[in-house]
Amino acid sequence: LQLHPVPIDDLKVPDFISSFDFDFFNKFQSQVFNTLYHTDENVFVGIVKGSGKTVIAELALLNHWKQNKGRAVYICPSQEKIDILVKQWSSRFGDIAEGKVINKFSNELSSNLKVLADSHVILSTPQQFDLVSRRWKQRKNVQSIELFIADDVQIVGNGAEGSVYENIISRMRFMSSQLENKLRIVALSTSLANGRDFGEWIGADKNNIFNFSSKERIRPLEIHLQSYNINHNPSLILAMIKPTYLAVKGYEAGSSLVFVPSRKQCIEIGLEFLRLANADETSFLNANIEDIEPLLNKVSDQSLKDSLSSGIGFYYKNMGATDKKVVEKLFNKGALSVLFATKDTAFYAPTANLVIVLSTQFYEGKEHRY
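Residues numbered from 1 in each chain as written. Predicted model: local features only at pLDDT ≥ 70, side-chain atom pairs only at ≥ 80, totals over all residues. Heavy atoms only, no water.

*Asks:* Break down the sheet that holds strand β11 (residues 354–357) for me, with residues and values.
*Replies:* Read across the open sheet, the 4 strands follow the order β9-β10-β8-β11; overall the sheet is parallel. Either end of the sheet is taken by a strand with one partner, and the two such strands are β9 (312–315) and β11. The mean angle between the axes of side-by-side strands here comes to 20°, regardless of whether they run parallel or antiparallel. Pairing of β9 with strand β10 (residues 338–342), which is carried by 4 bridges, proceeds in the parallel orientation. In the sheet register, Ile 312 faces β10, and the bridge partner there is Val 338. (Pairing = 2+ DSSP bridges. Helix = DSSP H or I, 4+ residues; strand = E, 2+ residues; numbered from the N terminus. Axes fitted to C-alpha atoms, helices over the stretch in contact; angles between N-to-C directions.)

*Asks:* Before we move on, could you go through the nonpolar core and cite the residues and values that matter?
*Replies:* Counting residues in hydrophobic clusters, the biggest one holds 45 residues, and the most contacted among them are Phe 273, Leu 308, Leu 330 and Phe 340. If you tally residues by element for this core, the top one is helix α11 (residues 263–280), at 7 residues. Excluding residues within four positions of it along the chain, Phe 340 makes contact with Val 258, Val 260, Cys 266, Ile 269, Gly 270, Phe 273, Ile 312, Gly 313, Phe 314 and Tyr 315. One finds Phe 20, Leu 59, Ala 72 and Cys 76 within the second-largest nonpolar core, a separate group that totals 40 residues. (Core = buried A, V, L, I, M, F, W, Y, C linked by side-chain atoms within 4.5 Å. Buried < 20%, exposed > 50% of the residue type's maximum accessible area, 1.4 Å probe, protein only. Contact = heavy atoms within 4.5 Å.)

*Asks:* Go over unusual backbone geometry with me, naming the residues and quoting the values.
*Replies:* A positive phi is found at Lys 12, a non-glycine position, where the angle reads about 70°. Turning to its location among the elements, Lys 12 is positioned in the segment before α1 (14–18). In this structure Lys 12 comes out as exposed when scored by relative accessible area, which is 66%. A positive phi angle is found at Asp 152, which is not glycine, with a value near 55°. Mapped onto the elements of the fold, Asp 152 is located in the loop between β5 (145–150) and α8 (159–179).

*Asks:* An account of the packing of helix α10 (residues 233–249) against α11 is needed here, citing residue identities and associated values.
*Replies:* Axis angle and axis distance: for two packed helices, these are the angle between their axes and the distance between the axes, and together they describe the pair. Running from amino to carboxyl end, α10 crosses α11 at an angle of 55°, the nearest separation of the two axes being 10 Å. Accordingly, the angle class assigned to the pair α10 and α11 is oblique. As for how α10 packs across α11, the hand of that crossing is right-handed. Contact with α10, carried on its side by Ile 237, Ile 241, Lys 242, Thr 244, Tyr 245, Val 248 and Lys 249, involves Gln 265, Ile 269, Glu 272, Phe 273, Leu 276, Ala 277 and Asp 280 of α11 and no other residues of that element. (Parallel < 35°, antiparallel > 145°, perpendicular 65-115°, else oblique. Left-handed = near helix turned anticlockwise from the far one by under 90°.)

*Asks:* So what's going on with the pairing of β10? Residues and values would help.
*Replies:* Strand residues, when the strand is regular, have side chains that alternate between the two faces of the sheet. Burial analysis of β10 places 5 of its 5 residues in the buried class, the great majority of the element. Direction of pairing for strand β8 (residues 256–260) relative to β10: parallel, over a ladder of 5 bridges. Across the sheet, Ser 256 pairs through a bridge with Val 338, a residue of β10. Taken together, β9, helix α14 (residues 321–332) and β10 form a β-α-β motif whose crossover is right-handed. (Right-handed = clockwise from strand over helix to strand, strands pointing away.)

*Asks:* If you had to explain the sheet that holds strand β4 (residues 121–124) to someone new, which residues and values would you point to?
*Replies:* Taking strand neighbours across the sheet as the criterion, the 7 strands line up as β3-β4-β2-β5-β6-β1-β7 in an open arrangement whose pairing is parallel. Looking at the sheet topology across the chains shown, the edges are occupied by β3 (102–104) and β7 (209–211). Neighbour to neighbour, the strand axes of the sheet diverge by 15° on average, direction disregarded. Relative to β7, strand β1 (residues 43–46) runs parallel, the two being bridged by 3 bridges. Counterpart to Val 45 in the pairing with β7 is Phe 210. Along the sheet, α8 makes contact with β2 (71–75), β5 and β6 (184–189), crossing β5 at roughly 150°.

*Asks:* So what's going on with the pairing of β6? Which residues, and what values?
*Replies:* The buried count for β6 comes to 6 of 6 residues, which makes it a mostly enclosed element. Residues of β6 alternate between two faces, with Arg 184, Val 186 and Leu 188 on one and Ile 185, Ala 187 and Ser 189 on the opposite face, all of them buried. Here β1 pairs with β6 via 4 bridges, running parallel. If you follow Val 43 over to β6, its bridge partner there is Val 186. The pairing of β5 with β6 spans 4 bridges and is parallel.

As structure tokens, this is what we get:
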């Protein structure tokens, strides 16, 4: 609908207003604002990634606290995203309405039960919540959950993790009908082909199913495809390096993020980039080396340190916490022109103006094939 952006002041509560650092909700958040903030009905929202789904989850939480209701649970398949959100929400919402305790589950059942008892908001992966909620009939703290926010539900039914996710949503629906208590489910996803079916499955009324077209975005998107007909995977990757280098080098409008299949390729392609840059006498570093020296001295991985001093960063799963912070800081401040990230960091990698997906194949060890 052609709506005017909803101003932040419409939240009406000074504590809530001060927790956001912008003045207006974006076009998607404005469409769902009324339903999320002024009703307690189940809602499904399907929008393209990067459109502010987390703020939509926060609106549901604020509405929940406005009415002094019980526990809330936020489910997300990515543990890294949960780790980031726990810190953010604790600092932003910790003092709201006499203080809110915000925690995350671990993989230890006994400590999770204690966390559940002590917290207003719990962040969890589907697997962690599955273990805690299985014996819901004996666990009063599970029965007292009144808001269930399910993020990234596009993975439901997809592989082992998707099956667990489907299970816990069904279990919460079943529990709420057995106990006849008012449980609100807010499901957030990328745009789905069967958004109406999914919304009805979680118990949302047809007026509360917001499944936006995947063409609708906050910023315009340009997509370029380049195909290769090389069957041998290592040769295929090698053939892609030079075109990728030329695309990054010719891109003046900001930083570039290159997704590669594995950590090993991060480093190998990064070194190849350095070789090409030296041959061209091009530098990818947008800062004086003296200014970033204190940060570089904190890096423990020598190959990462060498590439950072040339303006190229690596970003992969399970990298050292300090190394990761240094890479994020340098990239977000614009000191690095290019960041090589592995495909499994797509949930939480920093954002960039130019994103290149270098090969859509990866090696599956279980099946010995790409």
